[in-house]
Every structure is written in C-alpha cells, then in structure tokens.
Amino acid sequence: MRYKIIAGNWKMNTTPKEGVDLVTEVLELIKSTDLTGTKIVFGTPFVSLLAVAESVGNTPGVYVASQNISSYDGGAYTGETSANMISACGAKMAIIGHSERREYFHETNAILATKADKAIGSDLTPIYCCGEVLADRKNDSYQTVIQSQIEEGLFHLSAEDFANVVIAYEPVWAIGTGETASPEQAQAVHAFIRNLVKSKYGAEIAENVSILYGGSMKPTNAKELIGMPDIDGGLIGGASLKAADFVGIINAI
C-alpha cells in the first residue's frame, strides 16, 4: 500500500526528555486526526530511541526511526549501533543515506546497499535518501546522479524486500543555498524515481512505493508539494522540532 508519510528527522537535536516532550505534544495535537493511510514517523537520535518508542507505544499510524544504522551486525566497532539494537529499542524504520551522511561521513552507495540489507534483515523499513547537489543540478547531471544512487543502493534487493522500502528525495541544492525547488521541479524528480522503480520491479511495486520530499518542507508549502501526484509526504528537518510546525505539515495531507 502506498502510504502518505510525514517523517521528522531531528538530526543531532533533543535530549531523551526533550524528545519525549516533543512527541507527547505532537500526539496530543493529532489525537483527533484520521491517520488512515498515513504514517507519522519520529526520527530520533540513538540516545532517545527507547524513550520515544515507549512514549509512542502502540499509537496507530505512529512510528519511530533511527537516523542511521551500522553496516555491521556487531563486534569490535566502537561507537556503532547495529540494526538489531535499533529494532530492539522499538524502532520500526531507519533513515539511511541522508545527504549529510553522504557528505560528512563519506557514505557510498555500496555502503548504503549493505545498510539497506541490515535494516531489512532486522525488520526495519529503510527510508533511503537520494538527491543531487547544486553542481549536479546546474550541469544537468542530476538524473544520472539519482539513478546511480538508487540502482547501486537498492536495486540489488528482491522485489519482496524492495516493497518494504521508502525513498526520500533531497534536492541538496535547495537546502540552505538560497535556491528554491518548485513543486513542479520536485514532482518531475519524483516521477523520474517512480519510473526507475517501474523499469526494475514493475508497475505494481512502483505505484505502491512511497516517495518523500526532503527539501525544506514547511507548513506554508506542504499542501502544494504533497498535492503533486508522485509526492507522498515529506522527510522534515527543522520543522519537525516544533510541534505546531510538524502538525501543520501533517494537516496538509
């Protein structure tokens, strides 16, 4: 089933208590909201996963995600957090390949392919990020970049496993650069991604995969973006740290 998904990526923000307080406020604000066909996701720092998952409990349509996972199952890898550890904390999803992980921590498509396997092997839904930087957009190579990210990171998966993947498109060039991605530009890339999936896995899987937009979605632009035919929600950064803003985006569905 193709869900509408609003996923917050808190990045390196909030203590466990602050995270619980934020989730509690959001849940109170949406307690009368019909979430049929919708998933609300809190992407917390590792230290907050357990506390936030306990706070969410079995609330229908609400899930917790990690912001990363290790490409290793366990062992002498100081500072790493494995997929099975994350799952054991109550998370149901894992963000992998975020543009900041690619840029600052040099994560390659090959590493992310392994992380996708680890997530799926621990019953975590990967939220797989892809997207181009400003130079790629300006020299018109962005489709080639995105195609490589998706093919090399995900297309080794079986059709059954790929059906459990969520894709998030991040136009890195439109985040903090002064440039703006229009809803039409975002839609064009989302349609391109869906067609890539169709070429590999067929129409049924392509029509059911949720593709999120990760380019500074806010309450003021969410409705127009989510109204596009191939945009199924958002991967939200800064706006996810304020309950009213996050709920404003949820209400745009």
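Because the structure is predicted, anything quoted here is derived from the model rather than measured. (Residues numbered from 1 in each chain as written. Predicted model: local features only at pLDDT ≥ 70, side-chain atom pairs only at ≥ 80, totals over all residues. Heavy atoms only, no water.)

**A look at the overall build of the protein**
Part 1: A tally of helices and strands in the protein yields twelve helices and eight strands.
Part 2: The globule rule puts the C-alpha radius of gyration for 253 residues at 18 Å, and the 17 Å found for the protein is close to it.
Part 3: The buried share of the protein, taken over its 253 residues, is 51%.
Part 4: Here the contacts in the protein between residues at least 6 apart in sequence split such that 71% fall between residues at least 24 apart. (Helix = DSSP H or I, 4+ residues; strand = E, 2+ residues; numbered from the N terminus. Rg over C-alpha atoms; globule rule 2.2 N^0.38 Å. Buried < 20%, exposed > 50% of the residue type's maximum accessible area, 1.4 Å probe, protein only. Contact = heavy atoms within 4.5 Å.)

**Some details on helix H9 (residues 183-201)**
Within an α-helix, residues lying three or four positions from one another point in the same direction, as the helix has 3.6 residues per turn.
Part 1: A rise of 1.5 Å per residue sets the reference length of H9, with its 19 residues, at 27 Å; its end C-alpha atoms lie 26 Å apart and thus fit the reference within 8%.
Part 2: Every buried residue belonging to H9 is among Pro183, Ala186, Gln187, Val189, His190, Phe192, Ile193, Arg194, Leu196, Val197 and Tyr201, and all of these are buried.
Part 3: Remark: Gly202 follows H9 within two positions and exhibits a positive phi of approximately 95°. (Expected span 1.5 Å × (residues − 1).)

**Considerations on the pattern of salt bridges**
Part 1: The tally for this structure, following the rule as stated, stands at twelve salt bridges.
Part 2: The salt bridge involving Lys11 is made with Glu100; its shortest N-O contact spans 2.8 Å. Of this pair, Lys11 sits in the loop between strand S1 (4-9) and helix H1 (16-29) while Glu100 sits in helix H4 (residues 99-104), placing them 89 residues apart in sequence.
Part 3: Assessed through its relative accessible area of 27%, Lys11 is described here as partly exposed. (Salt bridge = Lys/Arg side-chain N within 4 Å of Asp/Glu carboxyl O.)

**Points about the packing of aromatic side chains**
Part 1: Tallied over the entire structure, the rule returns seven aromatic pairs.
Part 2: Centre to centre, the rings of Phe42 and Phe246 are 5.9 Å apart; their planes meet at 45°, and the pair counts as tilted. On the criterion of sequence distance, the pair formed by Phe42 in strand S2 (residues 38-44) and Phe246 in helix H12 (residues 243-250) is long-range, its members being 204 residues apart. With respect to class, Phe42 is no different from Phe246; both count as buried. (Phe/Tyr/Trp six-rings, centres within 6.5 Å; stacked < 30°, edge-to-face > 60°.)

**Here's the deal with the packing of H1 against helix H2 (residues 49-56)**
Part 1: Closest axis-to-axis distance for the H1/H2 pair is 9 Å, and the angle between their directions is 25°. Judged on the interaxial angle alone, H2 and H1 are roughly parallel. The element H1 and its partner H2 pack so that their crossing is right-handed. Contacts between H1 and H2 involve Pro16, Gly19, Val20, Val23, Thr24 and Leu27 on the former and, on the latter, Ala51, Val52, Ser55 and Val56. (Axes fitted to C-alpha atoms, helices over the stretch in contact; angles between N-to-C directions. Parallel < 35°, antiparallel > 145°, perpendicular 65-115°, else oblique. Left-handed = near helix turned anticlockwise from the far one by under 90°.)

**Concerning unusual backbone geometry**
Part 1: Phi at Thr14 is positive, roughly 80°, even though this residue is not glycine.
Part 2: Checked against the element boundaries, Thr14 lands in the loop between S1 and H1.
Part 3: Here the phi dihedral of His106 falls at roughly 60°; this positive angle occurs in a residue that is not glycine.
Part 4: On the accessibility criterion, His106 (60% relative accessible area) is exposed.

**Here's the deal with helix H7 (residues 142-154)**
Part 1: An ideal rise of 1.5 Å per residue puts 18 Å on 13 residues; H7 measures up with 18 Å between its terminal C-alpha atoms.
Part 2: Every buried residue of H7 is accounted for by Tyr142, Ile146, Gln149, Ile150, Gly153 and Leu154. Projected down its long axis, H7 carries its buried residues within an arc of 90°, all on one side. (Arc of directions from axis to C-beta.)

**Quick look at the nonpolar core**
Part 1: Formed by 68 residues in total, the largest nonpolar core has its most connected members in Phe42, Leu154 and Phe162.
Part 2: Excluding its chain neighbours within four sequence positions, the residues that come into contact with Leu154 are Ala116, Tyr128, Gln149, Phe162, Val165, Ile167 and Tyr201.
Part 3: In this structure, Ala7, Val41, Ile127 and Cys129 belong to the second largest nonpolar core, which totals twelve residues. (Core = buried A, V, L, I, M, F, W, Y, C linked by side-chain atoms within 4.5 Å.)

Everything listed is a geometric property; what it means functionally is a separate question.
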